[in-house]
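Residue-level structure breakdown
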Amino acid sequence: MDLGLNNKVALVTAASQGLGKASAISLANEGVKLIICSRDKAKISKAEKDIKELTGADVVSFQTDLNSSKDIDGMIKKIMEEYGRVDILVNNTGGPKAGFFDDLTDEDWVSTFESTFLSVVRMTRAVLPSMKRNKWGRIVNISSVSAKQPIDNLILSNGVRMSVHGWAKTLSNELASDNILINNVCPGFTKTERVDDLVANQAKDMDIAEEKIVEAIANNIPAKRVGKPEELASLVTFLSSERSSYITGQSIAVDGGVSSLPI
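We now turn to the structure provided with this report. It should be emphasised that the depicted structure is a prediction, and the values quoted were computed from it without experimental measurement.

A separate point is the layout of surface pockets. In this model, the largest pocket occupies a volume close to 940 Å³. Only helix H1 (18-28), strand E2 (33-38), helix H5 (155-175) and helix H6 (193-206) provide two or more residues apiece to the lining of the largest pocket. Take the lining of the largest pocket: its biggest share by element is 5 residues, from H6. Class assignment of the residues belonging to the lining of the largest pocket gives a composition of 13 nonpolar, 18 polar and 7 charged. Empty space within the second largest pocket amounts to approximately 650 Å³. Lining the second largest pocket we find 23 residues, and of these Ile151, Asp152, Asn153, Phe189 and Gln202 sit closest to its centre. The dominant element in the lining of the second largest pocket, judged by the number of residues it contributes, is H6, at 7 residues. When its residues are assigned to classes, the lining of the second largest pocket shows 16 nonpolar, 5 polar and 2 charged.

Dropping the structure here:
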C-alpha cells in the first residue's frame with residue numbers, strides 16, 4: 001500500500017529513544033523529510049545518525065526542551081525557514097513519574113501538566129498555520145492505555161493524559177473540514193526504556209526478579225506478551241498518511257487487548 005508520505009515533512013518529538021524513535025524510523029522508511037527533537041543533545045544526535053543509517057532518509061535533529069515555549073518557537077522558526085511547512089506532527093513526551101496519590105506534590109502535578117499536556121498544545125499551535133495554509137495535516141499524539149483504563153501507581157499519567165484526549169477530540173472537530181486530522185495512539189506495556197525502568201523499580205520494591213514482573217504483566221494481557229515499539233509505530237505511520245483520510249478524533253489502543261473502556 002502506498003501511504004502517500006513521500007516528501008511530506010514530519011516532526012517527531014522526544015524521538016531519541018523508545019516509541020518516539022520507533023515512530024520516526026517508521027515514517028522515515030516511508031520517504032518523509034524527517035525532523036526529530038529531544039532535550040538531550042547527545043541522544044538526539046545519535047538518533048539522527050542511527051535513523052539515517054537505517055533508512056537513508058533526510059533527517060534533521062534539534063535539541064529542544066518541550067517545556068520551553070522559547071525552545072519550541074525557535075525550532076519551528078528554523079523548520080519554516082528550511083522547509084516552509086510541517087505536514088505531520090507526532091507529539092510524544094517522556095512519561096510522568098510513577099507514584100500513588102499521597103506520594104505526589106503540587107509541583108509533581110504542575111510539572112506533569114506542563115510536560116504532558118501543555119507541550120502538546122504548544123507544538124500543535126506552532127505547526128497549525130502551515131497545515132491550514134496547505135489544507136492538509138496529520139497530528140498524532142502518543143498517549144498511553146492509562147488514558148483508557150487507569151493503571152495502579154501511575155496516577156499522574158492516568159489523570160493528565162485524559163486531558164490530552166479531551167483537547168484532541170475537541171480540536172479535531174474544529175479542524176476536520178481543513179483536512180487536518182488529530183488522533184491519539186495508546187500503547188499498553190511495550191518494550192521501551194520507560195517500561196524497563198518501571199519494571200526495575202517494581203522489582204526492587206517487591207524484592208523479586210524483573211523477569212517475574214514481566215511474566216506477570218504478560219499473563220494479564222490477552223496476547224500473553226508485551227508489545228514491540230514498531231507495532232505502535234506502524235499505527236502512527238498509518239494515521240500520519242493519506243490513507244487515514246476519514247479517521248479523526250479517535251483514541252486507538254495498541255495494547256494486546258488489555259483496555260476495555262471506549263474512550
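Okay, back to it.
Taking 1.5 Å per residue as the helical rise, helix H4 (residues 106-134) with its 29 residues ought to reach 42 Å, and the 41 Å between its terminal C-alpha atoms agrees with that figure. Of all the bends in H4, the largest measures some 40 degrees and sits at Leu118. Lys135 occupies a position one or two residues after H4 and carries a positive phi of about 55 degrees.

Another aspect to go through is the side chain of Ser143. Along the chain, Ser143 turns up in the loop between strand E5 (137-142) and H5. Residue Ser143 is classed as buried on the basis of its relative accessible area of 7%. In terms of polar contacts, Ser143 uses its side chain to reach the side chain of His165, at 2.8 Å. Setting aside its immediate chain neighbours within four residues, Ser143 contacts Arg161, His165, Val185, Cys186 and Pro187.

Here strand E4 (residues 88-91) shows no split at all, with Ile88 and Val90 on one side and Leu89 and Asn91 on the other all buried. Bridge analysis of strand E1 (residues 9-12) against E4 gives 3 bridges, and the strand direction is parallel. Across the sheet, residue Ala10 finds its bridge partner in E4, namely Ile88. You can see the chain leave E4, run along H4 and come back into E5, and the turn it takes is right-handed.

By the secondary structure assignment, Lys8 is in the segment before E1. Apart from residues no more than four positions distant in its own chain, Lys8 is found in contact with Val32, Lys33, Arg85, Asp87, Ile88 and Trp136.

Let's shift gears to the pairing of strand E6 (residues 180-187). The side chains of a regular strand alternate, residue by residue, between the two faces of the sheet. The element E6 is extensively covered by neighbouring structure, given that 8 of its 8 residues are classed as buried. Burial of E6 is two-sided: the residues Ile180, Ile182, Asn184 and Cys186 facing one way and the residues Leu181, Asn183, Val185 and Pro187 facing the other way are all buried. Both E5 and E6 contribute to a ladder of 6 bridges, which runs parallel. For Ile139, the partnering residue across the bridge sits in E6 and is Ile182. You can see the chain leave E5, run along H5 and come back into E6, and the turn it takes is right-handed. In terms of strand pairing, E6 meets strand E7 (residues 251-254) through 4 bridges, oriented parallel.

Turning our eyes to something else, we now look at the pattern of salt bridges. Within this structure, the stated rule accounts for 10 salt bridges. Close ionic contact of Asp178 with Lys135 constitutes a salt bridge, the shortest N to O distance being 2.7 Å. Placement of the pair is Asp178 in the loop between H5 and E6 and Lys135 in the loop between H4 and E5, with a sequence separation of 43 residues. Between Glu231 and Arg225 there is a salt bridge, and its shortest N-O distance comes to 2.7 Å. Residue Arg225 is classed as partly exposed on the basis of its relative accessible area of 38%. Members of the salt-bridge network, linked through shared partners, are Lys21, Lys46 and Asp50.

Our next topic: empty space enclosed by the protein. Any space left empty among the atoms is revealed by the rolling of a water-sized probe across them. Applying the stated rule across the entire model yields 1 cavity of 30 Å³ or more. The computed volume of the largest cavity comes to approximately 80 Å³. Along its surface, the largest cavity is lined by Asn91, Asn92, Thr93, Thr116, Val120, Asn141, Ile142, Ser143, Arg161 and Val164. Counting only elements with at least two residues in the lining of the largest cavity, the list comes to H4, E5 and H5. Of the residues contributing to the lining of the largest cavity, the split by class is 3 nonpolar, 6 polar and 1 charged.

The rules we used
Residues numbered from 1 in each chain as written. Predicted model: local features only at pLDDT ≥ 70, side-chain atom pairs only at ≥ 80, totals over all residues. Heavy atoms only, no water. 1 Å grid on protein atoms, 1.4 Å probe; cavity = no way out; pocket = protein on both sides within 12 Å on 5 of 7 lines; lining within 4 Å. Points joined across faces, edges and corners; volume = space filled by probe spheres on them. Helix = DSSP H or I, 4+ residues; strand = E, 2+ residues; numbered from the N terminus. Nonpolar A, V, L, I, M, F, W, Y, C, P; charged D, E, K, R; others polar. Expected span 1.5 Å × (residues − 1). Bend = angle between axes of the 7 residues up to and from the residue. Buried < 20%, exposed > 50% of the residue type's maximum accessible area, 1.4 Å probe, protein only. Polar contact = N/O pair within 3.5 Å; in protein donor to acceptor, adjacent residues only side chain to side chain. Contact = heavy atoms within 4.5 Å. Pairing = 2+ DSSP bridges. Right-handed = clockwise from strand over helix to strand, strands pointing away. Salt bridge = Lys/Arg side-chain N within 4 Å of Asp/Glu carboxyl O.

Geometric values such as these leave the question of function open.
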